[in-house]
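Listed here are the chains, written in short residue letters.
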Amino acid sequence: MPPRLSLAPQISSDYQNFSTHLECSVTGRSDYEIGKVQGLSHIGMPLLVRYDLAAMKKQLNKEDIWARPGGFWKWREFFPEISNENICSLGEDDTPLIACNVIAKEMGITGDLLVKDESRLPTGSFKARGLGLACAMAKELGITRVAMPTNGNAGSALAAYANRAGLESFIFCPNDAPPTMAKEMSLLGGNVWRVNGMINDCGRIVAEGVEEAGWFDVSTQKEPYRIEGKKTMGLELAAQLGWDAPDAIIYSTGGGMGLVGMWKAFQELSALGWIGDKMPKMIAVQSEGCAPIVKAYDEGADKAEFWPDAFTHAAGIRVPFALGGHLILKAIKESGGFAVTATEEEIIDARLELAQKDAIHVCPEGASTLVAYRHAIETGLLQKSDRTVLFNCGNGLKYPMPEVTASLDQLKPIDYSIF
Ligand SMILES: *Cc1c(COP(=O)(O)O)cnc(C)c1O
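Residues numbered from 1 in each chain as written. Predicted model: local features only at pLDDT ≥ 70, side-chain atom pairs only at ≥ 80, totals over all residues. Heavy atoms only, no water.

(A) Examining the site of the ligand more closely. In the vicinity of the ligand lie 19 residues, with Lys-127, Tyr-251, Gly-254, Gly-256 and Gly-258 positioned nearest. Lys-127 is positioned such that a nitrogen or oxygen atom in its side chain is 2.8 Å from an oxygen atom of the ligand. At a separation of 2.9 Å, an oxygen atom of the ligand approaches a polar side-chain atom of Asn-153. Within the complex, the protein chains bury 97% of what would otherwise be the 380 Å² of accessible surface of the ligand. Judged by the proximity of its atoms to the pocket grid, the ligand belongs to the largest pocket. Only strand 9 (248–252) and helix 10 (257–272) provide two or more residues apiece to the shell around the ligand. (Near = heavy atom within 4 Å. Polar contact = N/O pair within 3.5 Å; in protein donor to acceptor, adjacent residues only side chain to side chain. Areas by Shrake-Rupley, 256 points an atom, 1.4 Å probe, with all protein chains shown as cover. 1 Å grid on protein atoms, 1.4 Å probe; cavity = no way out; pocket = protein on both sides within 12 Å on 5 of 7 lines; lining within 4 Å. Sits in = over half its atoms within 2 Å of the grid points. Helix = DSSP H or I, 4+ residues; strand = E, 2+ residues; numbered from the N terminus.)

This is the structure we're talking about:
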């Protein structure tokens with residue numbers, strides 16, 4: 001008999017754990033036990049999860065995993081061990097790849113210009129991937145109170161997944177973070193405070209509260225599992241392209257964990273022999289008003305410095321300091337990618353262009369990737385025959401949109417010749 005209710009599909013409970021340990025992303029020190037609460041390494045740097053890739057190669061079938069339902073939760077073998085009861089799903093699905101037909105034709109593109117639209121995830125951004133996993137792991141490790149500084153989307157995802165996992169969340173956002181997002185966090189059960197400072201000021205409040213208020217700090221890269229969730233963007237993308245890498249991935253970079261996570265995904269897929277020889281060029285784009293990674297890239301530095309007076313209306317990339325800057329720069333360099341800026345005006349224009357020409361509503365951060373793409377085609381950094389994927393990480397409805405100025409007085413005769 002068919003089921004009466006059509007519920008979100010169950011997450012596969014039939015899986016094996018292949019995670020082995022955590023490793024310091026700078027020194028490579030590897031005696032960090034998995035299955036225990038871990039923050040930063042001994043030298044205060046992010047930790048990365050490592051797996052027994054040789055065993056995975058022998059025992060796993062990529063098509064079996066890809067055939068599972070459950071969006072990013074299908075990649076459980078690429079995560080640390082999480083008991084079935086601690087999976088906190090909100091009905092995730094894989095996000096679509098949408099072709100920019102009109103823009104590509106106008107630019108004479110012979111390859112593919114694709115947008116991976118992450119706005120379809122719960123709370124409308126890719127932050128769902130990282131915080132879904134971080135909350136499941138926090139639950140697994142017996143943590144009950146989590147805290148985070150945010151410019152918006154991460155806070156919304158934390159509020160939702162912490163609630164779903166039965167955790168208390170404490171969220172701190174700058175006064176000028178998009179108001180819709182602060183309201184969303186609160187609506188979803190987060191304890192939200194607005195702060196008269198920037199995201200790094202909010203970060204300091206959270207860091208001090210670890211001792212004072214007994215919080216677990218889930219800030220970007222201060223715990224090791226968000227990146228494993230973000231990694232699924234790369235796993236999913238490779239599977240969608242028929243187990244192949246695109247020539248280039250353009251990513252609007254704030255804390256940079258999405259870019260670093262995807263690069264980790266492609267390295268793991270390559271080690272497993274699940275994709276061919278090609279690896280994607282990882283390209284970071286930042287706003288001219290907050291570009292610490294681009295500056296470090298241009299100077300050939302291996303880590304990024306604090307960017308004073310950061311400004312951009314693309315809130316998700318208004319991150320003046322990235323703790324994992326060395327990892328972002330390493331991924332760009334190893335992959336043969338590059339880092340560029342976009343101006344505020346270029347971002348606004350590109351958002352309008354994607355919406356009006358190809359009917360794709362991206363957030364400002366997402367729009368910045370088109371600016372970087374056009375720059376790369378014009379300067380020859382990318383070829384017209386390349387397959388390029390632009391990441392739209394969030395839902396444009398949460399950001400300001402152009403006003404509608406036309407109005408009609410229905411009490412007077414309508415002049416139909418104006419239409
Ligand atoms: C958080 C965010 C980013 C930046 O992502 P990182 O992986 O932290 O660099 C980009 N776009 C949107 C919409 C975001 O919410």
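(B) Broad picture of helix 14 (residues 364–379). Helix length check: helix 14 (16 residues) gives 23 Å between terminal C-alpha atoms against 22 Å at 1.5 Å per residue, within 8%. For helix 14, the buried fraction is high: 12 of the 16 residues fall into the buried class. Listed as buried for helix 14 are Pro-364, Glu-365, Gly-366, Ala-367, Ser-368, Thr-369, Leu-370, Val-371, Ala-372, Tyr-373, Ala-376 and Ile-377. Once helix 14 finishes, Gly-380 follows within two positions and takes phi at roughly 80 degrees, a positive value. (Expected span 1.5 Å × (residues − 1). Buried < 20%, exposed > 50% of the residue type's maximum accessible area, 1.4 Å probe, protein only.)

(C) Layout of the environment of Lys-281. In this structure, Lys-281 sits in strand 10 (residues 281–287). The partly exposed category is assigned to Lys-281, whose relative accessible area is 29%. Sequence spacing of Lys-281 and Gly-337 is 56 residues, and the spatial spacing of their C-alpha atoms is 4.5 Å. Apart from the residues lying within four places of it in its own chain, the contact partners of Lys-281 are Asp-247, Ala-248, Ile-249, Ser-335, Gly-336, Gly-337, Leu-381 and Leu-382. (Contact = heavy atoms within 4.5 Å.)

(D) Local environment of the sheet that holds strand 7 (residues 191–195). On the basis of which strands lie adjacent, the open sheet formed by 4 strands has the order 7-6-5-8 and parallel pairing. At either end of the open sheet lies a strand with only one pairing partner, and these are strand 7 and strand 8 (216–217). Taken together, the 2 bridges between strand 5 (residues 145–149) and strand 8 define a ladder with parallel strand orientation. Bridge pairing in strand 8 places Val-146 opposite Phe-216. (Pairing = 2+ DSSP bridges.)

(E) A look at the side chain of Asp-386. Looking at the element boundaries, Asp-386 is found in the loop between helix 14 and strand 12 (387–392). The side chain of Asp-386 sits in the buried core without any salt bridge; Lys-281 is the nearest counter-charge, 5.2 Å away. Within the structure, the side chain of Asp-386 is placed 2.8 Å from the backbone nitrogen of Gln-383, a separation counted as a polar contact. Ignoring sequence-local partners within four residues, the contact set of Asp-386 consists of Gly-111, Asp-112 and Asp-247. (Lys, Arg positive; Asp, Glu negative; His and termini not counted. Salt bridge = Lys/Arg side-chain N within 4 Å of Asp/Glu carboxyl O.)

(F) Seen up close, the sheet that holds strand 3 (residues 97–99). Taking strand neighbours across the sheet as the criterion, the 6 strands line up as 3-4-12-9-10-11 in an open arrangement whose pairing is mixed. Strand pairing shows two members of the sheet lacking a second neighbour, strand 3 and strand 11 (339–342), which therefore form its edges. When strand polarity is set aside, the average angle formed by the axes of neighbouring strands in this sheet is 30 degrees. Note: strand 9 against strand 12, 3 bridges, orientation parallel. The residue bridging Ile-250 from the neighbouring strand is Leu-390, located in strand 12. This element, helix 13 (residues 344–358), spans strand 4 (112–117), strand 10 and strand 11 of the sheet and lies at about 85 degrees to strand 11. Along the sheet, helix 14 makes contact with strand 4, strand 9, strand 10, strand 11 and strand 12, crossing strand 9 at roughly 135 degrees. (Axes fitted to C-alpha atoms, helices over the stretch in contact; angles between N-to-C directions.)

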